[in-house]
Every structure is written in C-alpha cells, then in structure tokens.
Amino acid sequence: MPQLATICYIDNGKELLMLHRNKKPNDVHAGKWIGVGGKLERGETPQECAVREILEETGLKAKPVLKGVITFPEFTPDLDWYTYVFKVTEFEGDLIDCNEGTLEWVPYDEVLSKPTWEGDHTFVGWLLEDKPFFSAKFVYDGGKLLDTQVDFYE
C-alpha cells in the first residue's frame, strides 16, 4: 500500500528549522531530528499538505518549493512511503509549541551531526548544497539503511 507524505525544511538563510521528535508515544521517529510535515489528506496536493503541515506544526505561513521525491519501500509495515521533499525560504509568523517535538533553529554546520535517519543525512545534505531536483529511493530494514538510489534533474 502507498502512503503519501511531505517533509519540509525551513531555511532562514543560516539555519534550518528542525523538529526533535521527543513528545509522541510510540513514535517511529523518536529521538530523531527531522523536518516538519506529514501525511496528505484526501483530495490534497503535496503543496497544500506542506503548507498545512508547516502551519499546524510551526505556526509559520510558508511558500514551500518542491525539491524532490523519495520512496521508502516498506518503511512501516505493509506501507511504501512516497515523500515529497520541500524547502522553504519564504515564510512569516512566530513559532508555536509543536505537539510532536521541540522545534529548534539549527546552524547549517550542525544539521548533519544531529541524530536522525541515515538517509536523511544524505538528502538534507542535498538541500544544503542546493542540488537539482531529485528522485530517490532509500531502502531500510529495521532502521538500518540497506540501499540508496538517486537521479538528479537539471
């Protein structure tokens, strides 16, 4: 079964807004530092989902730009996740308290040292390097990254 989702990285020009997942019980992302985002709702475009999730989780009104798509085969039992990756440089508002974890502005040079999924270090690096649009696949087994495939498009 497919699950459509977004992951969004908000960039203020020197830091990325990261979510330390430390509040939800039984969270597959517990303890990890990730972007904000979530599952697409029925009838919603990836862009609409990104705008909604950013507002719900951060309080910011944002203009997300699609940077890539990642497939995570069987990331959770019986589900292949298809995740739209967004970067945001245009936003306004004040941060709110997120019920999924602690939001923190992390300097670029510290982002890749935060504990997260192994594949996240790879694609967040692509965002920091401003690589072209990408389509990637990250294959995990029990939290261990087994395989990565990527194509970049100019």
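Here, the structure is the one placed above.
Residues numbered from 1 in each chain as written. Predicted model: local features only at pLDDT ≥ 70, side-chain atom pairs only at ≥ 80, totals over all residues. Heavy atoms only, no water.

Enquirer: When you look at the side chain of H29 in this model, what are you seeing that I'm missing?
Expert: Take H29: it is sitting in the loop between β2 (15–20) and β3 (33–34). Setting aside its immediate chain neighbours within four residues, H29 contacts R21, I34, F75 and W117. (Helix = DSSP H or I, 4+ residues; strand = E, 2+ residues; numbered from the N terminus. Contact = heavy atoms within 4.5 Å.)

Enquirer: Even after reading the chapter, I still don't get the environment of D151, so can you show me in this structure?
Expert: With respect to the helices and strands, the residue D151 is situated in strand β8 (residues 144–153). With relative accessibility at 44%, the residue D151 sits in the partly exposed group. When sequence neighbours within four positions are dropped, the list of residues in contact with D151 reads F133, F134 and S135. (Buried < 20%, exposed > 50% of the residue type's maximum accessible area, 1.4 Å probe, protein only.)

Enquirer: Help me out: how do you make sense of helix α3 (residues 118–128) in this one?
Expert: Owing to its 3.6 residues per turn, the α-helix brings residues three or four apart onto one side. Taken residue by residue, α3 has G119, D120, F123, V124, G125, W126 and L127 as its buried positions. Following α3 by one or two positions, D130 has its phi on the positive side, about 55 degrees.

Enquirer: Got a minute to help me understand the pairing of strand β1 (residues 2–11) in this structure?
Expert: Side chains on a regular strand alternate between the two faces of the sheet. Burial within β1 is extensive, with 8 of its 10 residues counted as buried. In the sheet, β1 pairs with strand β5 (residues 79–92) via 9 bridges, with the strands oriented parallel. Among the inter-strand pairings, T6 is bridged to a residue of β5, identified as Y84. Relative to β2, β1 runs antiparallel, the two sharing 2 bridges. In the strand pairing of β2, I10 is matched with L17. Adjacent in sequence and paired antiparallel, β1 and β2 are bridged by 3 residues, among which G13 carries a positive phi angle near 105 degrees. (Pairing = 2+ DSSP bridges.)

Enquirer: Please explain the packing of aromatic side chains as it appears in this structure.
Expert: What the rule picks out here adds up to 13 aromatic pairs. Taking 5.0 Å as the distance between ring centres and 70 degrees as the angle between the ring planes, the aromatic pair formed by F75 and W117 counts as edge-to-face. With F75 in strand β4 (residues 61–76) and W117 in the loop between α2 (108–111) and α3, this residue pair connects regions lying 42 residues apart in the sequence. Like W117, F75 is buried. Both rings, one in W126 and one in F134, keep their centres 4.9 Å apart while their planes meet at 65 degrees; by these two values the pair is edge-to-face. On the accessibility criterion, F134 (2% relative accessible area) is buried. By the ring-pair criterion, three or more aromatic residues cluster together here, those being Y9, F72, F75, W117, F123, W126, F134, F138, Y140 and F152. For the cation-ring pair, K114 lies above W33, with the distance from its terminal atom to the ring centre recorded as 4.2 Å. A cation sits over an aromatic face here: K131 above F152, 5.7 Å from the ring centre. (Phe/Tyr/Trp six-rings, centres within 6.5 Å; stacked < 30°, edge-to-face > 60°. Lys NZ or Arg CZ within 6 Å of the ring centre and 35° of its normal.)

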